[in-house]
Amino acid sequence: DYAKKKLKESNESDKESEARQLVMDAVEKNSKVKKFPKGLINERMENLKDQYMSQNGITKEQWSAFLKQYGTTEEKFNKNIRSAVEKNVTTELVFTAIADKENIKFDESGFDSYIKTLTPSGSTADDVYESYGSSKASGKKYLQMIYRVNKALDFCVDNATVNEK
């Protein structure tokens, strides 16, 4: 029965997502990032702002007016996104360290498959790269790092014992 099969697939996907989140949370809780590399948080905040502007069709010249329209300022915007950026960077640093320690290498064919999952119909990989950075090159570099972080998380999930709630 089609509905039963789809429900089972959905339940399995939900379990896998929950296990990934539990493992990620446990690894991060038991890890310590002493300090962020100089300039990284500000760079990521700028990239996030660029992404936001790109996704909303806003130019740098329109940015202040856009923020004002939503009753905020550049300072408030930065304050609001800083903690999320710091959490993301912490995750990236922790799992990059695991990838380094476990000798998890970047592989181009796996990366290409990963990018295909992020590429909407009618778009190209270059479109995806541009949406994740201030340029195609920076977006691609960022996504290559995220791909490797995900491989490290996969490694942790595969080697973890997860007790279901």
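Because the structure is predicted, anything quoted here is derived from the model rather than measured. (Residues numbered from 1 in each chain as written. Predicted model: local features only at pLDDT ≥ 70, side-chain atom pairs only at ≥ 80, totals over all residues. Heavy atoms only, no water.)

Digging into the overall build of the protein
Secondary structure assignment for the protein yields 7 helices and 0 strands. Listed N to C, the secondary structure of the protein is α-α-α-α-α-α-α in terms of helices and strands. For the C-alpha atoms alone, the extent of the protein along its principal axes is close to 50 × 45 × 35 Å. Long-range contacts, defined as pairs at least 24 residues apart, comprise 75% of the intrachain contacts of the protein with a sequence gap of at least 6. For the protein, the accessible area works out to roughly 11500 Å², and carbon and sulfur atoms hold 50% of it. The distance from the centre of the 28 positive side-chain charges to the centre of the 27 negative ones in the protein is 5 Å. (Helix = DSSP H or I, 4+ residues; strand = E, 2+ residues; numbered from the N terminus. Contact = heavy atoms within 4.5 Å. Areas by Shrake-Rupley, 256 points an atom, 1.4 Å probe, with all protein chains shown as cover. Lys, Arg positive; Asp, Glu negative; His and termini not counted. Charge placed at Lys NZ, Arg CZ, Asp CG, Glu CD.)

Observations concerning the nonpolar core
In this structure, V23, V27, F95, I98, A152, L153 and C156 are the most contacted members of the largest nonpolar core, which totals 13 residues. Ranked by the residues each element gives to this core, the list is headed by helix α7 (residues 136-158), at 5 residues. If you look at the next biggest cluster of nonpolar residues, it comprises 12 residues, including I41, M45, M53 and W63. (Core = buried A, V, L, I, M, F, W, Y, C linked by side-chain atoms within 4.5 Å. Buried < 20%, exposed > 50% of the residue type's maximum accessible area, 1.4 Å probe, protein only.)

A few points about the side chain of E28
Assignment of secondary structure puts E28 in helix α1 (residues 2-29). On the basis of relative accessible area, E28 is assigned to the buried category, the value being 15%. In terms of polar contacts, E28 uses its side chain to reach the side chain of K87, at 3.2 Å. If sequence neighbours within four positions are ignored, E28 has contacts with K87, T91 and F95. (Polar contact = N/O pair within 3.5 Å; in protein donor to acceptor, adjacent residues only side chain to side chain.)

Things to note about helix α5 (residues 108-118)
All of the buried residues in α5 are G110, F111, Y114 and I115. In a view along the axis of α5, the buried residues occupy a sector of 140°, so they form one face of it. Turned more than 90 degrees away from the buried face of α5, the exposed residues are S109 and K116. Where α5 is buried, its residues contact α6 (125-131) and α7. (Arc of directions from axis to C-beta.)

Re the packing of aromatic side chains
For any pair of aromatic rings, geometry is given as the distance between the ring centres together with the angle between the planes. A complete count under the given rule lists 13 aromatic pairs for this structure. Each ring, one from Y52 and one from W63, has its centre 6.0 Å from the other, and the planes form 80°; the classification is edge-to-face. With Y52 in helix α2 (residues 40-56) and W63 in helix α3 (residues 60-69), the pair connects residues that are 11 residues apart, well separated along the chain. What links up through ring pairs into an aromatic cluster is the set Y52, W63, F66, Y70 and F77. (Phe/Tyr/Trp six-rings, centres within 6.5 Å; stacked < 30°, edge-to-face > 60°.)

With respect to the packing of α1 against α7
For the pair α1 and α7, the least separation of the axes is 10 Å and the interaxial angle reads 100°. In terms of their interaxial angle, α1 and α7 are classed as roughly perpendicular. Residues R20, V23, M24 and V27 of α1 form the contact with α7, whose participating residues are N150, L153, D154, C156 and V157. Residues that form the contact of α1 with α7 fall into these classes: 6 nonpolar, 1 polar and 2 charged. (Axes fitted to C-alpha atoms, helices over the stretch in contact; angles between N-to-C directions. Parallel < 35°, antiparallel > 145°, perpendicular 65-115°, else oblique. Nonpolar A, V, L, I, M, F, W, Y, C, P; charged D, E, K, R; others polar.)

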